[in-house]
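Observations on the three-dimensional arrangement
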Number of protein chains: 2
Amino acid sequence: MTADPAARRGIPDATVARLPEYLRALSSLAGQGIGSVSSEELAAASGVRSAKLRKDLSHLGSYGVRGVGYDVDLLAAEISRELGLTQDRSVAIIGMGNLGRALAAYSGFVTKGFRIVALVDDDPAVVGDTVAGITVRALDDLDRLAAEGLSIGVITTPAHSAQLVCDRLVTAGVHAILNFAPCVLAVPDEVDVRKVDLSTELQILAFHEQRKALASGLGLEEVAP
Amino acid sequence: MTADPAARRGIPDATVARLPEYLRALSSLAGQGIGSVSSEELAAASGVRSAKLRKDLSHLGSYGVRGVGYDVDLLAAEISRELGLTQDRSVAIIGMGNLGRALAAYSGFVTKGFRIVALVDDDPAVVGDTVAGITVRALDDLDRLAAEGLSIGVITTPAHSAQLVCDRLVTAGVHAILNFAPCVLAVPDEVDVRKVDLSTELQILAFHEQRKALASGLGLEEVAP
DNA sequence: AGGTCTTTGTGAACGTGCGCACAAAGTCGC
DNA sequence: GCGACTTTGTGCGCACGTTCACAAAGACCT
Ligand SMILES: NC(=O)c1ccc[n+]([C@@H]2O[C@H](COP(=O)([O-])OP(=O)(O)OC[C@H]3O[C@@H](n4cnc5c(N)ncnc54)[C@H](O)[C@@H]3O)[C@@H](O)[C@H]2O)c1
Ligand SMILES: NC(=O)c1ccc[n+]([C@@H]2O[C@H](COP(=O)([O-])OP(=O)(O)OC[C@H]3O[C@@H](n4cnc5c(N)ncnc54)[C@H](O)[C@@H]3O)[C@@H](O)[C@H]2O)c1
């Protein structure tokens, strides 16, 4: 049954999370006209160790040539296929505030196989506006959008509305959600939610800053035992 | 020497990454006037299992009361202290484009102990503008800012400028950087870089979408063996 | 064609993180 | 004051991820 012993079924999550970075590095190399790259070079460009890179790539098959390295275009195509980027995916952004507008105006997705097909808001003052060449639609249009094959929903509403919007997306049949609101979303098992949180990142940085400060000049605020 | 056997030295990274979420859940509870919470309840509000939550909290000491739970305010204070949020940290945002402006306008940091002290851009047409009540400064001002105790740098410039900006920040003495540009930054060991990447998140979602699609209707595009 | 040299792919050791399950500890009712 | 009940804190085993180190595989030179 398992026809391909090397790869099939089950690429580790940690590996999947790094594939986009490899893909970006490969695109950059291709743009410089470089056709072949070693694991050492690609790893450096991706910010990982070469052993890790090789093990990651081994999960999707044997596309390298020993003594030479990897063909840039071939490897990029292979990673794209594995990530499911060969077929374009449509994205809707819900919440046309500061962040939602910035995302809508961002051209970085489009080149990567993501197409923003809809912008949504519930504020009547915003609905009908044109942002980045797209007319903002009302929340009720979500069901219609899903029927048209919406693949991913991006939530950029305030936290108190996020669960509501999430529920609408799920009901409409969306199985992949990217959440920018600082809250946890409850979803059925079959739905995939990823969260991006600014404050969390800053707080993690703050922790390491403090740790460094404590390590260098220890015992500054210790007054009494 | 190691006075406190329970906690001191070495909170796992995975735990640190979850502490901000616990803190947010606690803030929410405090806002509802709730003074005490069990690990089960707090875990549910944070989107984790209660055993994981308890183990995480055990790394910073014993602040729970058996048979009762945790004091909301006490625990929040303790986590804040551990994360180094008791002392305010100043943040500079470099790159006043779509994303940089959205971040500057965002009020979510301020309440968490982060203070945006400077906005920076290298475009003469942008320098001098007022964004979110702050005057945009030139890139050369970075050194002066660092001298004033700048703690964290946020990079929201295009990718091709990110390394340059990063180098300026490092030279100026900044040891914590949050990077939104889609590229890897080279920094000395003592500098901490975290990256937030939209496209990566979407690509990971796409991978799981594809996997689900393959699992349900298998062998759709298999034509010949 | 044979030898050398480079680089891949991977087995094995190691470290980290996670979940279960339970004993210890403290509360609350009586 | 005592017993039953609740909830914490943690020891243990397992799964996952990372790193090392090397044998196998192929390119390139002569
Ligand atoms: N702006 C940032 O830099 C930033 C950073 C980190 C996190 N966030 C988070 O991202 C979210 C959006 O931030 P923002 O600054 O853009 O906020 P914002 O207030 O500028 O925009 C929110 C938008 O969502 C719309 N909205 C509200 N409820 C809605 C609903 N039920 N359905 C559809 N649309 C609805 C509002 O009309 C508004 O246009 C917030 O949750 C915020 O915490 C923002
Ligand atoms: N906008 C988004 O939603 C989004 C999403 C994901 C990632 N990003 C990334 O974030 C970055 C910024 O995105 P954006 O949409 O705001 O771009 P943008 O082009 O709107 O803004 C970039 C800003 O950086 C300034 N800048 C350029 N070089 C600089 C330098 N050397 N020093 C200081 N300032 C400099 C420019 O003057 C400009 O104001 C990009 O790297 C982009 O890939 C953006």
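Preceding block: the structure.
Presented here is an overview of the structure given in this document.

**Quick look at the relation of the copies chain B and chain A**
- Of the transformation placing chain B onto chain A, the axial shift is 0.0 Å and the rotation is 180°, giving an RMSD of 0.1 Å. Put plainly, the chains are arranged around a two-fold axis.
- Here 100% of the contact residues of chain B are again contact residues in chain A; the copies associate through an equivalent surface.

**Brief notes about the interface of chain B and chain A**
- Of the residues lining the interface, 62 residues belong to chain B; the matching set on chain A comes to 62 residues.
- Of the roughly 5400 Å² buried at the junction of chain B and chain A (both faces included), carbon and sulfur atoms supply 62%.
- The interface formed by chain B and chain A holds 6 salt bridges in total.
- Across the pair B:Arg194 and A:Glu201 runs a salt bridge whose closest N-O atoms are separated by 2.4 Å.
- For the pair chain B and chain A, the interface holds 20 residue pairs in polar contact (both at pLDDT 80 or more).
- Of all elements in the fold, only α1 (13-31), α2 (39-46), α4 (72-83), α5 (98-105), β8 (152-155), β9 (176-179), β10 (192-195) and α8 (198-216) of chain B reach the threshold of two or more residues within the side of chain B that touches chain A.
- For the side of chain B that touches chain A, the element with the highest residue contribution is α8(B), accounting for 15 residues.
- Along the lines of polarity and charge, the residues of the side of chain B that touches chain A split into 32 nonpolar, 13 polar and 17 charged.

**With respect to the environment of A:Val187**
All names here are of chain A.
- With respect to the secondary-structure elements, Val187 resides in the loop between β9 (176-179) and β10 (192-195).
- Relative accessible area serves as the criterion here: at 26%, Val187 is assigned to the partly exposed category.
- Along the primary structure Val187 and Cys166 are separated by 21 residues, whereas in three dimensions their C-alpha atoms are 7.9 Å apart.
- Discounting chain neighbours no more than four positions away, the residues touching Val187 are Cys166, Val170 and Val193.

**Overview of the pattern of salt bridges**
- Summed over the entire model, instances satisfying the criterion amount to 24 salt bridges over all chains.
- A:Lys212 is the partner of A:Glu209 in a salt bridge, and the nearest nitrogen-oxygen pair spans 3.3 Å. Here the residue A:Glu209 and the residue A:Lys212 both occupy positions in helix α8 (residues 198-216), the gap between them amounting to 3 residues, near one helical turn.
- For A:Glu209, a relative accessible area of 12% gives the class buried.
- Each of A:Glu21, A:Arg24, B:Lys195 and B:Asp197 takes part in salt bridges that share partners, so that together they form one network.

Definitions and cut-offs
Residues numbered from 1 in each chain as written. Chains lettered and ligands numbered in written order. Predicted model: local features only at pLDDT ≥ 70, side-chain atom pairs only at ≥ 80, totals over all residues. Heavy atoms only, no water. Least-squares fit on C-alpha atoms with pLDDT ≥ 70 in both. Contact = heavy atoms within 4.5 Å. Buried area = accessible area lost by both parts, 1.4 Å probe. Salt bridge = Lys/Arg side-chain N within 4 Å of Asp/Glu carboxyl O. Polar contact = N/O pair within 3.5 Å; in protein donor to acceptor, adjacent residues only side chain to side chain. Helix = DSSP H or I, 4+ residues; strand = E, 2+ residues; numbered from the N terminus. Nonpolar A, V, L, I, M, F, W, Y, C, P; charged D, E, K, R; others polar. Buried < 20%, exposed > 50% of the residue type's maximum accessible area, 1.4 Å probe, protein only.

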